[in-house]
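# Inside the fold
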Amino acid sequence: MTTKTAAITAVGGYVPEHVLTNADIEQMVDTSDEWIVSRTGIRERRILKPTSLGTSFMAIKAVQNLLDKKNLDPTQIDLIIVATATPDMPVSSTASYVATEIGATNAFAYDLQGACSGFLFGMSTAAAYISSGRYKKVLLIGADTMSSIIDYSDRATCVIFGDGAGAVLFEPNDEGLGLQDEVLRVDGKGRAYLKIEAGGSMLPPSKETVSKKQHFLHQEGRPVFKFAISNMSDAITQVITRNDLSKDDIDFVVAHQANKRILDAISNHLDLKSDQMLINIERYGNTTAATLPLLLWDYEHLLKKNQKLLFTAFGGGFTWGASYLTWAYNS
Ligand code: UT7
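Residues numbered from 1 in each chain as written. Predicted model: local features only at pLDDT ≥ 70, side-chain atom pairs only at ≥ 80, totals over all residues. Heavy atoms only, no water.

## Focus: the site of the ligand
Close to the ligand lie 23 residues; Thr 31, Arg 39, Arg 222, Asn 259 and Asn 286 are nearest. Within the side chain of Arg 155, one N or O atom sits 2.9 Å away from an oxygen atom of the ligand. Arg 261 is positioned such that a nitrogen or oxygen atom in its side chain is 2.8 Å from an oxygen atom of the ligand. If you list the elements that add at least two residues to the shell around the ligand, you get helix H2 (33–40), helix H8 (221–242), helix H9 (260–270) and strand E12 (308–315). If you tally residues by element for the shell around the ligand, the top one is H8, at four residues. Residues belonging to the shell around the ligand are distributed by class as follows: 10 nonpolar, eight polar and five charged. (Near = heavy atom within 4 Å. Polar contact = N/O pair within 3.5 Å; in protein donor to acceptor, adjacent residues only side chain to side chain. Helix = DSSP H or I, 4+ residues; strand = E, 2+ residues; numbered from the N terminus. Nonpolar A, V, L, I, M, F, W, Y, C, P; charged D, E, K, R; others polar.)

This is the structure we're talking about:
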């Protein structure tokens, strides 16, 4: 086995057609477009209809977009990882279904649960398989149907989240391009602040859990907000420092889209120029594991070979981190 770097060589994405605007949400809960825009930066989000299509529907669409763009035969894919907090069903994996539906007959596949950091953690996993020489083509998908776990009478969460999916292909690179370094962390105490209480082994589904709305996502926004800023800033600073980078060396920061104010705080902390931070939260809201690949999908036209990208995410768990990746192709 040889040691090579693992580079992203293709990007695909998909967001559902149905748009849920702030004006729509004003009809559902006691909120306002002004509050949502000023406190989160979100103007609209996409919603999968019907929800029963499942996360695999969006993941498959994102992969098909990637396969078409790359003109890639799915039988060449070795491994498919689906980062998601909203799998089609608890058992079996969404990834297995996606693999079969796209015709990846030579692949194995599994789901990865890292909440909003799922794609970032998946980058580490995908790159490790490639740089070890074990596999040549690893497909990493971030996909979430957040509308399936949101209580649309809870204004603290329903304004934030949306549905979507993005996919990238990791392949070996001979020029040293691709994933260079990462700082990935968790703090299990954080699950008190961001969780779905019921439906797992600790609290299986029952009439009581349904009536108490314990199958919906619960978030204590303020502490999550603070931890998100401090932990993402800290992880980025560690990655920058140990790779002898200065802020001006960074072409783009690809950050989890949870709240525009969090992105602004990180920008201020790093003293970034406004065009260094990629942002699309105003159109999609927080799509959990899909935010990072959807940024790549939206901004792929700006990305050039050898550019330096910093990825960062923070989410339920708590989970967070930062990765440094050099871009491997001109689109
Ligand atoms: O992706 C995973 C990680 N998640 C995050 O990073 C999310 C982090 N948290 C946040 O983005 C923010 O905390 C939220 C957007 C969730 C909330 O914003 P906030 O500025 O932290 O609001 P808050 O929870 O501190 O609430 C401030 C006020 C409260 O009213 P009072 O008690 O001051 O009278 C809330 O009841 O805003 C009220 N409020 C709302 N008002 C209108 C909360 N949600 C809404 C709403 N519309 N949708």
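Following the structure, the description resumes.
## Examining the packing of aromatic side chains
Within the structure shown, the criterion is met by 11 aromatic pairs. Measuring from ring centre to ring centre gives 5.5 Å for Tyr 129 and Tyr 135, while their planes differ by 55 degrees; the resulting arrangement is tilted. Grouped by ring-pair contacts, the aromatic residues Tyr 193, Phe 227, Phe 314, Phe 318 and Trp 320 constitute a single cluster. (Phe/Tyr/Trp six-rings, centres within 6.5 Å; stacked < 30°, edge-to-face > 60°.)

## Details of the domain arrangement of the protein
According to the domain assignment, the protein consists of domain 1 (5–176) and domain 2 (179–326). Of note, the centres of domain 1 and domain 2, computed from C-alpha atoms alone, are 14 Å apart. Contact residues are listed per partner, giving 54 residues for domain 1 and 47 residues for domain 2. The junction of domain 1 with domain 2 conceals about 3800 Å² of combined surface from both sides, 63% of it contributed by carbon and sulfur atoms. Counting the contacts that link domain 1 with domain 2 gives three salt bridges. Our enumeration of links across domain 1 and domain 2 arrives at 20 residue pairs in polar contact (both at pLDDT 80 or more). Contributing elements (two or more residues each) for the side of domain 1 that touches domain 2: strand E1 (5–14), H2, strand E3 (44–47), helix H3 (55–70), helix H5 (118–131), strand E6 (138–145) and strand E7 (163–173). Of the residues assigned to the side of domain 1 that touches domain 2, the class counts are 25 nonpolar, 18 polar and 11 charged. (Domains from an automatic or database assignment. Contact = heavy atoms within 4.5 Å. Buried area = accessible area lost by both parts, 1.4 Å probe. Salt bridge = Lys/Arg side-chain N within 4 Å of Asp/Glu carboxyl O.)

## Let's talk about the sheet that holds E6
In any sheet, the strands associate via hydrogen bonds between backbone groups, in a parallel or an antiparallel arrangement. Pairing is mixed across the open sheet formed by five strands, whose spatial order is E1-E7-E6-E4-E5. Here the strands that pair on one side only, and so sit at the sheet edges, are E1 and strand E5 (108–112). The sheet shows a mean angle of 20 degrees between the axes of neighbouring strands, direction not considered. In the sheet, strand E4 (residues 79–83) pairs with E6 via five bridges, with the strands oriented parallel. From the neighbouring strand, Val 82 faces E6, where its bridge partner is Ile 141. Packed on one face of the sheet, H5 meets E1, E4, E5, E6 and E7 and runs near 165 degrees to E6. Sheet contacts for helix H11 (residues 291–299): E1, E6 and E7; angle to E1, the most-contacted strand, approximately 80 degrees. (Pairing = 2+ DSSP bridges. Axes fitted to C-alpha atoms, helices over the stretch in contact; angles between N-to-C directions.)

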